[in-house]
Amino acid sequence: MTLRARLFTLFPAAWLLLVLLTFASWINAPTSVLRALLWLATVYLLPVACFRLHQLAWPLAEGRTRLDAPGYVHWWGAHQFQLMYTAFPAIEASLRLIPGGYSAWLRLWGSRIGRGVHWTPRIDISDRSLLEVGDGVIFGHRSACYAHLVQPRSGGLILYVRRIRIGQGVQLGAGSRLGPGVSITAGVALPPLTDVGVGRRVRA
């Protein structure tokens with residue numbers, strides 16, 4: 001692992017410390033709107049801003065990469081800016097209670113999200129910049145989208161990264177899981193507990 005990768009690994013812990021510090025500052029002055037906004041910005045906007053800057057310097061590329069090869073793997077740094085929301089899923093789940101809130105959140109990361117998308121509170125999106133969702137899509141309870149996959153091969157680790165595309169009016173049944181590179185055409189209704197493997201295309 002390169003020095004750059006090791007430094008980015010520290011980001012989730014640094015973020016958590018900043019969240020606690022800004023929250024403590026707000027508690028000490030509960031009437032301060034500015035401190036409350038600073039805490040919210042630390043929770044939600046700081047990781048997105050860091051991710052965007054990282055994208056400018058080291059754009060995330062789709063395809064296959066050796067994780068254990070010399071050099072910096074761009075996905076690794078991008079992933080560190082999102083780990084906190086996997087560790088503390090309630091932070092993102094609260095955005096799904098606001099109409100249009102979670103769609104706007106994913107757009108901030110770089111995903112293309114259509115209108116009228118319904119997100120149930122308990123879903124899992126692992127790569128927030130690698131999603132294309134058409135209008136009127138319904139995400140069932142505990143459905144998940146994983147745009148990356150790590151597999152052992154030839155004595156090393158292969159990372160596969162590919163955007164997930166979901167067409168207009170698709171319904172993902174409860175517990176459905178989509179792997180990297182999955183493409184679902186408009187109007188498809190996936191039954192509950194459906195797994196769609198790497199690179200598969202599902203047609204109506």
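See the structure above.
This section reports on the structure supplied with the text. (Residues numbered from 1 in each chain as written. Predicted model: local features only at pLDDT ≥ 70, side-chain atom pairs only at ≥ 80, totals over all residues. Heavy atoms only, no water.)

## Describing the sheet that holds strand S15 (residues 195-196)
The criterion, for reference: Pairing between strands is defined by DSSP: at least two bridges between them are needed. What counts as a helix is a DSSP run of H or I of at least four residues, what counts as a strand is a run of E of at least two, and both are numbered from the N terminus.
Overall, parallel pairing links the four strands, which are arranged S4-S7-S12-S15 in an open sheet. Edge positions in the sheet fall to strand S4 (124-125) and S15, since each of these pairs with one other strand and no more.

## Thoughts on the side chain of Glu 92
Put simply, the rule is: Throughout this description, buried means an accessible area under 20% of the type-specific maximum (1.4 Å probe, protein chains only), exposed means over 50%, and partly exposed covers the range between. In this analysis, two residues are considered to be in contact whenever any of their non-hydrogen atoms come within 4.5 Å of each other.
Along the polypeptide, Glu 92 turns up in helix H6 (residues 89-93). The buried category is assigned to Glu 92, whose relative accessible area is 3%. Setting aside chain neighbours within four positions, we find Glu 92 in contact with Tyr 85, Tyr 102, Trp 105 and Arg 128.

## Quick look at the pairing of strand S8 (residues 148-153)
Here six bridges tie S8 to strand S9 (residues 156-161), and the two strands are oriented antiparallel to one another. Looking across to S9, one finds that Leu 149 is bridged to Tyr 160.

## Remarks on the sheet that holds strand S14 (residues 189-190)
Taken in spatial order, the four strands make up an open sheet running S3-S6-S11-S14, and their pairing is parallel. Two strands in the sheet have a free side with no partner beyond their single neighbour: strand S3 (118-119) and S14. As defined by bridge partners, strand S11 (residues 171-172) adjoins S14 across two bridges and the pair is classed as parallel. Bridge pairing links Leu 172 to Leu 190 in S14.

## Details of helix H3 (residues 33-57)
An α-helical turn contains 3.6 residues, so any two residues separated by three or four positions project in the same direction. Short version of the rule: The span one expects for a helix is its residue count, reduced by one, times 1.5 Å. Two axes are fitted around each residue, one to the seven residues ending there and one to the seven starting there, and the angle between them is reported as the bend at that residue.
Look at H3: 34 Å from first C-alpha to last across 25 residues, which is about the 36 Å you get at 1.5 Å a residue. At Thr 42, H3 shows its largest bend, some 45 degrees. Buried within H3 are the following residues: Ala 36, Thr 42, Val 43, Tyr 44, Pro 47, Val 48, Phe 51 and His 54. Packed against the buried residues of H3 are helix H1 (3-9), helix H2 (11-28), helix H4 (74-80), helix H5 (83-87), H6 and helix H7 (101-109).

It is worth stressing that arrangement in space is one thing and function is another; only the former is reported here.
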